[in-house]
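Structural description and commentary
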Amino acid sequence: MPLINFTNPFTALVALVLFVLSLFLSRELKRKWPMMLVLFAFLLISCTNTVEYFMAHGNEQYLKTIATCIGIDFVFVFLSFISYLWMDDIEAKEKKQKTVSNSLDWFWKKV
């Protein structure tokens, strides 16, 4: 089985709760580093699951489980990346700094 099995609903729920708690912490501190740590953690989990997928041989059910975990990893990476960009924007506004790009403006910009 994968190191962190996101096909188990309890594990996925724990990961989601930790993600939301770190998002609230990051928002309260108005700093981006908590979301950066979460993003790196999910990237590390994704990398380990990918290596595990390529190293596995034979069992079709095992490969299907790892492939599902990798898909869920990518969802968490995407959410963490969007949250990191959001917290980066909040931190830049708090410190009155320029950001490299206003990449999240298209979310709430009226056309």
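Above this note sits the structure.
Computed from a predicted model, the values in this text were never measured in an experiment.

As a further point, take the overall build of the protein chain. A count of helices and strands for the protein chain gives 4 helices and 0 strands. Counted from the first residue to the last, the protein chain has its helices and strands arranged as α-α-α-α. For the protein chain, the proportion of its 111 residues judged to be buried stands at 32%. Within the protein chain, contacts between residues at least 6 apart in sequence are counted, and of these 67% link residues at least 24 apart. Accessible area of the protein chain: about 7800 Å², with a carbon and sulfur share of 70%.

Looking now at a nonpolar patch on the surface. Taken together, the side chains of Phe 10, Leu 13, Val 14, Leu 16, Val 17, Leu 18, Val 20, Leu 21 and Phe 24 define a hydrophobic patch exposed on the protein surface, amounting to about 830 Å² of accessible area. The topology assignment puts Leu 18 in helix H1 (residues 9-29).

Following both chains from N to C, one finds H1 and helix H3 (residues 60-95) inclined at 5°, their axes separated by 10 Å at the closest point. Classified by the interaxial angle, the pair formed by H1 and H3 is roughly parallel. From H1, Ala 12, Ala 15, Leu 16, Phe 19, Leu 23, Ser 26 and Arg 27 reach across to H3, where they touch Phe 76, Leu 79, Ser 80, Ser 83, Trp 86, Met 87 and Ile 90.

With that settled, the discussion passes to H3. The terminal C-alpha atoms of H3 lie 52 Å apart, and with 36 residues this matches the ideal 52 Å at 1.5 Å per residue to within 8%. N-cap assignment for H3: the residue whose side-chain oxygen lies 3.2 Å from the backbone N of Gln 61 is Asn 59. Once H3 ends, the next one or two residues include Lys 96, with phi positive near 55°.

Counting residues in each nonpolar core, the largest one holds 14 residues, and the members touching the most others are Phe 6, Ala 15, Met 35, Val 38, Phe 42 and Phe 76. In this structure Phe 42 touches Phe 6, Ala 15, Phe 76, Val 77 and Ser 80, once residues within four positions along its chain are discounted. Membership of the second largest hydrophobic core comes to 5 residues, among which are Ala 56, Tyr 62, Leu 63 and Ile 70.

This part takes up the side chain of Ser 80. On the secondary structure map, Ser 80 appears in helix H3. A distance of 2.8 Å separates the side chain of Ser 80 from the backbone oxygen of Phe 76, its partner in a polar contact. Not counting chain neighbours up to four residues away, the residues in contact with Ser 80 comprise Phe 19, Met 35, Val 38, Leu 39 and Phe 42.

The rules behind these values
Positions within a chain are numbered from 1, following the residues in the order the chain's sequence is written. The predicted nature of this model means local features are confined to residues of pLDDT at least 70 and side-chain atom pairs, given and counted, to a pLDDT of 80 or more, with totals for whole chains, interfaces and linings taken over all residues. Processing note: side-chain calculations cover all non-hydrogen atoms of the structure and skip hydrogens and water entirely. Segments assigned H or I by DSSP are reported as helices when at least four residues long, segments assigned E as strands when at least two residues long, and all are numbered from the N terminus. Exposure is judged per residue with a 1.4 Å probe applied to protein chains only, and the accessible area is read against the type maximum: over 50% gives exposed, under 20% gives buried, and values in between give partly exposed. By definition in these notes, contact holds between two residues if any of their heavy atoms fall within 4.5 Å. In short, Shrake-Rupley with a 1.4 Å probe defines the accessible areas, and a residue's cover is counted only from the protein chains shown. The patch calculation keeps residues exceeding 30% relative accessible area without a salt bridge and links them within 9 Å when they carry like charges or within 5 Å when they are nonpolar (Val, Leu, Ile, Met, Phe, Trp, Tyr). The working definition used for a salt bridge is a side-chain nitrogen of Lys or Arg within 4 Å of a carboxyl oxygen of Asp or Glu. Helix axes are fitted only over the stretch in contact, all axes being lines through C-alpha atoms; the angle between N-to-C directions runs from 0 to 180 degrees. Between 65 and 115 degrees an angle is taken as roughly perpendicular, under 35 as roughly parallel, over 145 as roughly antiparallel, and anywhere else as oblique. Multiplying 1.5 Å by the helix residue count minus one yields the expected span of that helix. In protein, a polar contact means a hydrogen-donor-capable atom and an acceptor-capable atom, both N or O and within 3.5 Å, with residues adjacent in sequence counting only if both atoms are side-chain atoms; elsewhere, any N or O pair within 3.5 Å suffices. Here, nonpolar core refers to any group of buried Ala, Val, Leu, Ile, Met, Phe, Trp, Tyr and Cys residues whose side-chain atoms link them within 4.5 Å.

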